[in-house]
Each structure stands twice: as C-alpha cells, then as structure tokens.
Amino acid sequence: MKEKLLISSCLLGNNVKYNGKNNYVEGIYKLKDLYDLVIVCPEVMGGLSIPRIPSEIINDEVINKEKINVTKEFNKGKDIVLDLVKKYDIKKALLKDGSPSCGSTYIYDGTFTGKRIKSLGITSRFLKELNIKIYTENNWMELLK
Ligand code: SF4
C-alpha cells in the first residue's frame, strides 16, 4: 500500500485559487507513482467560493481585501483537513507556500502589499503541531527520493 500524501489541489492544476486559476507544478503527477494523494483545498472546503476575494492573516484573524472576516471559513476548512489527516494517519503534506491557508515558510503580512513574512497559514500551523512534515512547491522533488 502506498503512503498517503496530503496535497494542495491548486498544485495539481485544479482551478481552486482565489482568482479562479491554479498553481500547477510541472511534473508533479510523478508523485502518484509513489503516494496515494489526498487532495485538499482548505478554503473551498471551508465554504468559500471560486473565485473569491483574496485574504490575509491579521493578528490571527483572516480578513479579506474587502475587510470581511473569513476566519470561520478558514477554520472550518482546516478542521476538515485535520480530520482527514487523523483518519488516514498522514505524515507528509505538500502545500502551496505563501497561502493564508497552506503557506508553511512564508505568508503575506496582512497589508495586501505583497510583503512576505516568515509564518504559517491557518491549516499549516495546525499540521505543524501534529508534526506533519510539510513540503512546498520549492522542495517537492525531495518527495521523489
Ligand atoms: Fe491552493 Fe491551499 Fe489556496 Fe486552496 S487554499 S487554492 S489548496 S493554496
């Protein structure tokens, strides 16, 4: 049986991003030979639409660019993902960096000016607490080794 890998849906080319597009990574489907992919998009799973207004984290709350608080939706998506992680005993995740849900080495600073800060998205910070190893689109090839 293949090991399970949690993966951001947008990295596989699914148009689930806030702008209705994706973050497809060339060659990513090679992972299917090695892993049983558990595909998630916490924001859509939390009930947000495609497309949607972009959001950033401000003082642990998630606020969209029109100043609407979407923390509840982000947390709902996070909870669904965490349930899957526990259900399938998932140990590794490949998540899109920079996202207010999936980011793991950086996110944006809450000013909607494109300024990055070293922090984690809402889902990623809980995965880290569960000791899930998080890969990004920048080091995903390590998963092929
Ligand atoms: Fe991709 Fe995660 Fe954003 Fe969904 S929430 S579009 S999976 S980065």
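Residues numbered from 1 in each chain as written. Predicted model: local features only at pLDDT ≥ 70, side-chain atom pairs only at ≥ 80, totals over all residues. Heavy atoms only, no water.

Student: So what's going on with the overall build of the protein chain? Which residues, and what values?
Tutor: Secondary structure assignment for the protein chain yields four helices and eight strands. The helix and strand sequence of the protein chain, counted from the amino end, reads β-α-β-α-β-β-α-β-β-β-α-β. Computed over C-alpha atoms, the radius of gyration of the protein chain comes to 14 Å, within 12% of the 15 Å expected from 2.2 N^0.38 for 145 residues, which places it in the range of a compact globule. Across its three principal axes, the protein chain shows a C-alpha extent of roughly 45 × 30 × 25 Å. Burial analysis of the protein chain (145 residues in total) assigns 47% to the buried set. Sequence separation of at least 24 residues holds for 63% of the intrachain contacts in the protein chain that already meet a minimum separation of 6. Here the protein chain has roughly 7900 Å² of accessible surface; of this, 51% comes from carbon and sulfur atoms. Looking at the protein chain, you have 24 positive and 18 negative side-chain charges, and the mean spots of the two groups are 2 Å apart. (Helix = DSSP H or I, 4+ residues; strand = E, 2+ residues; numbered from the N terminus. Rg over C-alpha atoms; globule rule 2.2 N^0.38 Å. Buried < 20%, exposed > 50% of the residue type's maximum accessible area, 1.4 Å probe, protein only. Contact = heavy atoms within 4.5 Å. Areas by Shrake-Rupley, 256 points an atom, 1.4 Å probe, with all protein chains shown as cover. Lys, Arg positive; Asp, Glu negative; His and termini not counted. Charge placed at Lys NZ, Arg CZ, Asp CG, Glu CD.)

Student: Please give an account of helix α4 (residues 122-129) that cites residues and values.
Tutor: For α4, every residue scored as buried is listed here: Ile 122, Thr 123, Ser 124 and Leu 127. Positioned one or two residues after α4, Asn 131 has a phi angle of 65 degrees, which is positive.

Student: Give me the lowdown on the site of the ligand, citing residues and values where you can.
Tutor: As a structural note, the neighbourhood of the ligand is formed by 14 residues, with Cys 10, Cys 41, Glu 43, Ser 99 and Cys 102 the closest of them. In terms of residue class, the shell around the ligand is made up of six nonpolar, four polar and four charged. (Near = heavy atom within 4 Å. Nonpolar A, V, L, I, M, F, W, Y, C, P; charged D, E, K, R; others polar.)

Student: Tell me about the environment of Ile 107, residues and numbers included.
Tutor: For Ile 107, the position within the fold is in strand β6 (residues 107-108). In contact with Ile 107, other than residues within four places in its own chain, are Ile 57, Gly 98, Ser 99, Lys 115, Arg 116, Ile 117, Ser 119, Leu 120, Gly 121 and Arg 125.

Student: Could you give me a rundown of the pattern of salt bridges, with the residues and numbers involved?
Tutor: Going through the model one piece at a time under the given rule, you end up with seven salt bridges. A salt bridge links Glu 137 to Lys 96; the nearest nitrogen and oxygen atoms lie 3.0 Å apart. Taken together, the residues Glu 137 in the segment after β8 (133-135) and Lys 96 in the loop between β5 (92-94) and β6 connect sequence positions 41 residues apart. (Salt bridge = Lys/Arg side-chain N within 4 Å of Asp/Glu carboxyl O.)

Student: Talk me through the side chain of Thr 136; I want residue IDs and the actual numbers.
Tutor: For Thr 136, the position within the fold is in the segment after β8. Overall, Thr 136 belongs to the buried group, its relative accessible area being 5%. In this structure the side chain of Thr 136 is engaged in a polar contact, spanning 3.0 Å, whose partner is the backbone nitrogen of Asn 138. The residues contacting Thr 136, other than those within four sequence positions of it, are Leu 94, Leu 95, Asp 97, Ser 104 and Thr 105. (Polar contact = N/O pair within 3.5 Å; in protein donor to acceptor, adjacent residues only side chain to side chain.)

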